[in-house]
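# What the coordinates show
Now for the letters of each chain:
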Amino acid sequence: MNGRIVSVFGNMVIAETDGKIVQNSIGYCCRRDGAKLLSEVIRIRGRLADLQVFEETRGLRVGDIVELRDEMLSVTLGPGLLGQTYDGLQNPLPRVAEKTGFFLTPGVYVHGLDEQRTWDFTPKVSVGDTVRAGDTLGTVPETMFEHHIMAPFTLKGECKVESIVEASSHTVGEEIAVLAGQSGEKISVTMQQDWPVKRPLAICKRRLMPSEPLLTRVRIIDSMFPVVRGGTYCIPGPFGAGKTVLQQITSRHAAVDIVIVAACGERAGEVVETIREFPELIDPRTGKSLMERTIIICNTSAMPVAAREASVYTAVTLAEYYRQMGLHVLLLADSTSRWAQAMREVSGRLEEIPGEEAFPAYLESRIAGFYERAGALELNDGRVASVTIGGTVSPAGGNFEEPVTQGTLKVVGAFHGLSRARSDARRYPAIDPLESWSKYAGIIEPEKVEKVRELLRRGSEVKQMMTVVGEEGTHIEDFTIMLKSEFFDNVYLQQNAFDDVDGATPAERQQFVFDKILEVVDRDFDLDDKDTARRVMFEAQDMFRTWNYEPDDSEKYKLSLGKIDEFIATRGGKAQEVTKQ
Amino acid sequence: MRTYYDRIVRIAGNVVTVIARNVGYDELAIVNTRRGQSLAQVIRLEGDRVSLQVFAGTQGVSTGDRVRFLVRPMQVPFCDDLLGRVFDGSGLPRDDRPEVKGEPVDIGTPAVNPVKRRRPDFMIRTGIPMIDIFNSLVESQKLPIFSVAGEPYNPLLARIGLQAQADVIILGGMGLRHDDYLTFRKTFEEGGVLGRTIMFIHTAADPVVECLLVPDLCLAVGEQFALQGKRVLVLLTDMTAFADALKEIAITMEQIPSNRGYPGDLYTQMARRYEKAVDFDGAGSMTLLACVTMPGDDVTHPVPDNTGYITEGQFYLRGGRIEPFGSLSRLKQQVNGDTRDDHRAIMDGCLQRYALCRESREKRDMGFEMSEWDEKLLRYGDMFEQEIMDLAVNIPLEEALDRCWKILAECFEPVETGIRRTIIEQHWPKELTDEEETPEPAEATA
Ligand SMILES: Nc1ncnc2c1ncn2[C@@H]1O[C@H](COP(=O)(O)OP(=O)(O)O)[C@@H](O)[C@H]1O
Ligand SMILES: [Mg+2]
């Protein structure tokens with residue numbers, strides 16, 4: 001079905017057609033020089049289709065043909081996704097570079113999966129078996145995973161396996177099975193299938209309450225503001241506060257099977273870091289490179305805006321696909337504000353009635369809909385799998401009272417708010433321990449967490465008070481609380497992301513260090529003048545900091561620990577109260 | 001055959017609407033008026049109504065004037081003859097010399113494929129300790145100087161520009177004052193780089209649309225040199241003037257503003273320019289330094305705010321010094337691990353102490369008694385400001401690191417520095433004895 005362009009404005013095109021138009025279907029704007037630019041119908045008025053074009057519209061003219069298709073904007077699912085670097089529309093960027101060199105030429109599209117590569121298929125069902133949508137028909141090895149080849153997600157009801165190939169090698173396009181539908185129709189199955197990105201993919205027995213901690217090895221997260229498999233969290237923060245670094249660390253250390261990095265409307269350079277580093281980094285848990293468990297979806301700020309909006313949906317659809325295989329997937333989106341801004345740009349061009357800060361009125365429901373796609377599922381075969389979503393938010397002026405932050409806070413399960421004051425003072429990760437929260441349970445007993453939160457709160461109060469009454473007007477007891485709170489902040493909450501040891505603390509070590517710190521916090525040290533108090537706490541800090549940098553079970557680790565125990569025993573005075581386990 | 005269109009049906013702001021057919025979006029046109037010719041760009045197509053943004057403004061354009069379409073986007077001629085030349089915001093010579101003939105290249109071209117970018121790893125040494133130690137500048141970085149009127153941001157930009165040892169320097173002036181232009185010129189002349197400098201200068205007196213084109217022209221030319229393997233440095237001043245030009249155009253186009261009158265795509269528009277900074281895998285590089293004056297000295301203003309999200313850090317210039325707080329180089333960790341093993345420790349330790357010093361100063365200013373610890377911090381802060389922060393200081397990184405150790409040792413006990421012990425053990429200055437103070441002969445002549 002064809003239409004013709006009647007208007008072009010920015011990345012919006014209006015096409016007129018006599019035929020049928022499907023909302024959210026795709027169209028190709030045909031430029032005079034032969035290039036076909038992918039676009040999506042986002043509004044229909046009579047015979048007019050408003051399309052957002054996923055490319056620069058330079059050179060399009062009134063009267064140019066628009067090929068309108070029936071299908072929705074979709075991604076191709078199948079083996080070979082892992083390790084890939086895609087743009088927001090699932091074009092593999094290395095293959096695109098082979099075609100067009102240094103630059104991304106509009107209208108150049110490459111299939112998402114390698115169509116030449118063969119995969120060793122092992123059937124898991126036999127002729128005559130009954131299967132439903134999403135059931136495993138067979139597997140192929142993909143990096144360190146058994147990639148499940150599943151019955152089409154669009155199947156209706158129960159189908160019979162009419163034929164299935166023996167264990168053998170196939171490309172993604174070759175038929176591996178034929179199913180018979182309920183009315184006897186034949187359904188040919190290959191190892192790839194398409195799925196529309198804006199439709200959630202969650203075939204399961206039931207959704208579970210997410211509760212299993214997702215360890216990130218970032219102490220302040222795991223111990224204080226935990227994330228769980230299947231949960232959601234957000235990282236709002238002003239520019240330069242450390243959102244991206246935090247996500248980069250998480251993408252390395254997170255205890256999940258697969259990480260999907262959605263670089264949405266931010267710097268290309270940051271993606272390059274991941275692309276260049278991950279193939280070199282060996283994941284100690286699997287012995288394979290990190291890249292083999294990672295997919296990068298990158299629509300950086302210089303790439304077309306409409307595709308930026310699509311990119312987060314592309315990313316979450318790939319995450320859901322691997323979840324259907326029984327895996328735990330973490331999706332990191334940086335930054336969801338750029339996605340929201342892309343919606344705002346489109347909404348502005350559609351001349352919709354703007355809401356706050358010119359964002360569209362449906363902003364909140366879109367944000368909620370996106371995070372809803374996270375979740376822990378009990379699959380039909382009983383396995384548990386999950387998609388966890390962590391998104392950064394880039395609030396204008398660093399002020400959290402803005403629509404995207406507020407809309408996100410309403411729907412996520414944990415909030416890691418970064419503060420300018422902390423990042424200026426180089427207290428990384430700059431997660432504000434007083435503002436942040438998590439609704440999930442983590443690896444430290446809640447009473448202990450509550451105890452240090454109280455310490456931090458009181459420490460901050462004393463600090464505030466000291467700006468009014470001065471150090472001399474502060475009671476030694478309060479003063480010591482302030483020092484202890486600083487001590488905890490310095491040696492536990494702060495973590496050097498660029499150190500191999502300090503940058504990633506395993507759960508057991510976190511629990512052990514946490515208790516050791518409580519031992520120090522619980523002592524009163526018999527301090528009666530402030531300079532001595534300060535010196536003693538500096539000494540403790542120095543020892544713990546040194547300890548943090550010593551590899552687990554190394555000689556130096558034991559040495560440091562020995563010194564700390566000695567310090568507690570000798571300098572420690574009497575215990576204030578006992579929090580022994 | 002030249003086709004002219006003469007049905008101009010609307011003139012508003014800098015935009016002229018003419019009835020025409022077969023016109024490509026984003027392409028160029030020439031508007032012939034009594035005053036002469038002006039370039040214009042297609043910014044909207046609606047049926048046969050073509051809206052054009054007129055570079056020279058619409059003053060004096062009449063409904064009787066004629067428009068001719070060039071069937072190509074805005075281009076700039078590219079060749080080595082550009083070096084040493086000065087142009088205006090529409091790419092025409094400003095230096096009374098003939099037009100440059102060269103290969104025409106489109107401006108505002110597509111983004112670089114991320115997989116064709118290198119990971120930048122070459123540190124640009126500026127001799128300014130606040131940059132070299134605390135926020136190292138890296139080749140291909142995009143980084144603005146945040147400042148306010150009256151601060152020496154242009155001289156700082158020029159100084160870094162000279163130190164960067166680029167093959168080609170491109171200066172883009174937006175709303176630039178004439179004396180600032182002359183100062184740049186003089187600095188480059190004295191630095192002996194004028195022959196490899198290209199300038200695109202828009203002054204406050206020039207039409208506003210031309211201001212919008214300056215970054216694109218600079219970056220298109222710079223990109224070509226970088227593709228030839230050159231190390232290019234682009235200096236853009238003042239990007240706030242660019243953003244204000246965007247705002248003005250958006251308002252005349254009746255777009256709904258998102259924040260303080262700026263259009264919702266301010267981020268995207270600026271990012272598309274800044275993201276041109278690149279280290280090509282298999283070719284040269286383009287480093288981009290810019291000035292952003294903050295209206296009302298407010299960093300949350302949409303222009304510095306959006307810029308901060310886009311760029312790879314920023315230098316705050318305030319009181320004639322680069323402020324340690326708020327200043328940031330996001331790429332520093334790519335290079336500062338390979339300089340000296342104490343670089344990162346000094347970077348963190350010195351700044352954390354300086355932050356504490358500021359707290360002590362506040363307490364002092366409020367009339368509180370100073371503890372022994374406060375006194376130490378105050379002494380440290382003064383020394384740090386004089387010997388490290390002062391912009392007049394011009395010493396190599398290694399010397400600056402040694403100087404930091406000296407200051408720390410004069411003010412603190414090792415445990416008070418917050419630097420971990422293994423580093424302290426290696427670098428803490430030994431008590432200077434008379435013999436050690438005598439410089440080695442080799443150093444004395446250096
Ligand atoms: N955990 C950390 N440890 C050390 N430095 C950090 C850390 N987080 C951020 N930084 C510093 O701050 C800079 C900006 O961080 P980034 O994550 O890019 O900020 P954002 O994404 O919030 O704009 C980094 O380049 C780095 O220099
Ligand atoms: Mg970031």
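Note that this is a predicted model, so its numbers are computed, not measured. (Residues numbered from 1 in each chain as written. Chains lettered and ligands numbered in written order. Predicted model: local features only at pLDDT ≥ 70, side-chain atom pairs only at ≥ 80, totals over all residues. Heavy atoms only, no water.)

### Some words on the environment of T109(B)
Residue and element names in this part refer to chain B. Relative to the helices and strands, T109 resides in the loop between β10 (103-106) and β11 (123-124). Separated by 13 residues in sequence, T109 and D96 place their C-alpha atoms 29 Å apart. Setting aside its immediate chain neighbours within four residues, T109 contacts E223 and K276. For T109, the side chain forms a polar contact with the side chain of K276, separated by 2.9 Å. (Helix = DSSP H or I, 4+ residues; strand = E, 2+ residues; numbered from the N terminus. Contact = heavy atoms within 4.5 Å. Polar contact = N/O pair within 3.5 Å; in protein donor to acceptor, adjacent residues only side chain to side chain.)

### Thoughts on the interface of chain A and chain B
Contacts between the two partners involve 82 residues from chain A, matched on the other side by 86 residues from chain B. Counting the surface chain A buries against chain B, the share from its top three residues, R58(A), F102(A) and F239(A), is 13%. Summed over the shared surface of chain A and chain B, the number is 7 salt bridges. Among the secondary structure elements, those contributing two or more residues to the side of chain A that touches chain B are β1 (2-9), α1 (93-100), α4 (268-277), α5 (305-324), α6 (336-349), α10 (446-469) and α13 (530-548) of chain A. Taken together, the residues that form the side of chain A that touches chain B break down as 34 nonpolar, 18 polar and 30 charged. Where β1(A) and strand β5 (residues 36-46) of chain B come together, 2 bridges link them in antiparallel fashion. Counted as the bridge partner of V8(A) is L45(B) from β5(B). (Buried area = accessible area lost by both parts, 1.4 Å probe. Salt bridge = Lys/Arg side-chain N within 4 Å of Asp/Glu carboxyl O. Nonpolar A, V, L, I, M, F, W, Y, C, P; charged D, E, K, R; others polar. Pairing = 2+ DSSP bridges.)

### So, the site of ligand 1
Neighbouring ligand 1 are 15 residues, the closest being G240(A), K243(A), T244(A), V245(A) and R330(B). K243(A) places a polar side-chain atom, nitrogen or oxygen, 2.8 Å from an oxygen atom of ligand 1. A distance of 2.6 Å is found between an oxygen atom of ligand 1 and a side-chain nitrogen or oxygen belonging to R330(B). When ligand 1 sits alone it has 560 Å² of accessible area, and the protein chains cover 94% of it. Listed by contribution, the elements that provide at least two residues to the shell around ligand 1 are α3 (243-253) of chain A together with α8 (332-335) of chain B. The greatest single-element share of the shell around ligand 1, amounting to 3 residues, is contributed by α3(A). In terms of residue class, the shell around ligand 1 is built from 8 nonpolar, 4 polar and 3 charged. (Near = heavy atom within 4 Å. Areas by Shrake-Rupley, 256 points an atom, 1.4 Å probe, with all protein chains shown as cover.)

### Brief notes about the domain arrangement of chain B
All names here are of chain B. Entries for chain B in the domain assignment read domain 1 (4-73), domain 2 (76-332) and domain 3 (343-431). Summarising the inter-unit geometry, the C-alpha centres of domain 1 and domain 2 are found 29 Å apart. Each partner contributes to the interface: domain 1 provides 14 residues, whereas domain 2 provides 13 residues. Of the roughly 960 Å² buried between domain 1 and domain 2, counting both surfaces, carbon and sulfur atoms make up 66%. On the domain 1 side of the contact with domain 2, N14, Q53 and F55 bury the most area, a combined 48% of that side's loss. At the junction of domain 1 and domain 2, the tally comes to 0 salt bridges. Linking domain 1 with domain 2 are 0 residue pairs in polar contact (both at pLDDT 80 or more), by the criterion used here. Elements with a minimum of two residues in the side of domain 1 that touches domain 2: β5 and β6 (49-54). Ranked by the residues each element gives to the side of domain 1 that touches domain 2, the list is headed by β5, at 4 residues. Taken together, the residues that form the side of domain 1 that touches domain 2 break down as 7 nonpolar, 5 polar and 2 charged. (Domains from an automatic or database assignment.)

### A few points about the pattern of salt bridges
All names here are of chain B. Inspection of every chain in the model, using the stated rule, returns 74 salt bridges over all chains. Here R231 ties to E139 by a salt bridge, and the two come within 3.0 Å at their closest N and O atoms. In this pair, R231 sits in strand β16 (residues 231-237) while E139 sits in the loop between β12 (137-138) and β13 (142-147), placing the two residues 92 residues apart along the sequence. With a closest N to O distance of 3.6 Å, D365 and R364 form a salt bridge. Overall, D365 belongs to the exposed group, its relative accessible area being 59%. (Buried < 20%, exposed > 50% of the residue type's maximum accessible area, 1.4 Å probe, protein only.)

### Observations regarding the sheet that holds strand β15 (residues 177-180) of chain A
Residue and element names in this part refer to chain A. Reading across from one edge, β10-β13-β15-β16 is the order of the 4 strands in this open sheet, with antiparallel pairing throughout. Each edge of the open sheet is held by one strand with a lone partner, namely β10 (130-131) and β16 (186-189). Pairing of β10 with strand β13 (residues 159-164), which is carried by 2 bridges, proceeds in the antiparallel orientation. Bridge assignment links T130 to a residue of β13, and that residue is K160.

### Overview of the sheet that holds strand β12 (residues 145-150) of chain A
All names here are of chain A. An order of β12-β11-β9-β14 is seen for the 4 strands of this open sheet, with the pairing classed as antiparallel. Each end of this open sheet is capped by a strand with a single partner; those strands are β12 and β14 (168-171). On average, each strand axis in the sheet is tilted by 40 degrees relative to the strand beside it, whichever way the strands run. Here strand β9 (residues 118-123) pairs with β14 via 4 bridges, running antiparallel. Residue pairing across strands places D120 opposite S169, the latter belonging to β14. Against the sheet, α5 makes contact with β11 (136-142) and β12, and its axis sits at roughly 95 degrees relative to β12, the strand it touches most. (Axes fitted to C-alpha atoms, helices over the stretch in contact; angles between N-to-C directions.)

### Details of the nonpolar core
Counting residues in hydrophobic clusters, the biggest one holds 79 residues, and the most contacted among them are L77(A), L81(A), L179(A), I260(A), I295(A), L318(A) and Y322(A). Once residues within four sequence positions are removed from consideration, L81(A) is found in contact with T76(A), Y86(A), Q90(A), L113(A), E142(A), I295(A), L318(A), Y321(A) and Y322(A). (Core = buried A, V, L, I, M, F, W, Y, C linked by side-chain atoms within 4.5 Å.)

### What to know about a nonpolar patch on the surface
Residues and elements named next belong to chain A. Nonpolar side chains collect at one region of the surface, where M465, V468 and V469 lie side by side and expose about 240 Å² of accessible area between them. Along the chain, the position of V469 falls in helix α10. For V469, a relative accessible area of 33% translates into the label partly exposed. (Patch = residues over 30% accessible without salt bridge, like charges linked within 9 Å, V, L, I, M, F, W, Y side chains within 5 Å.)

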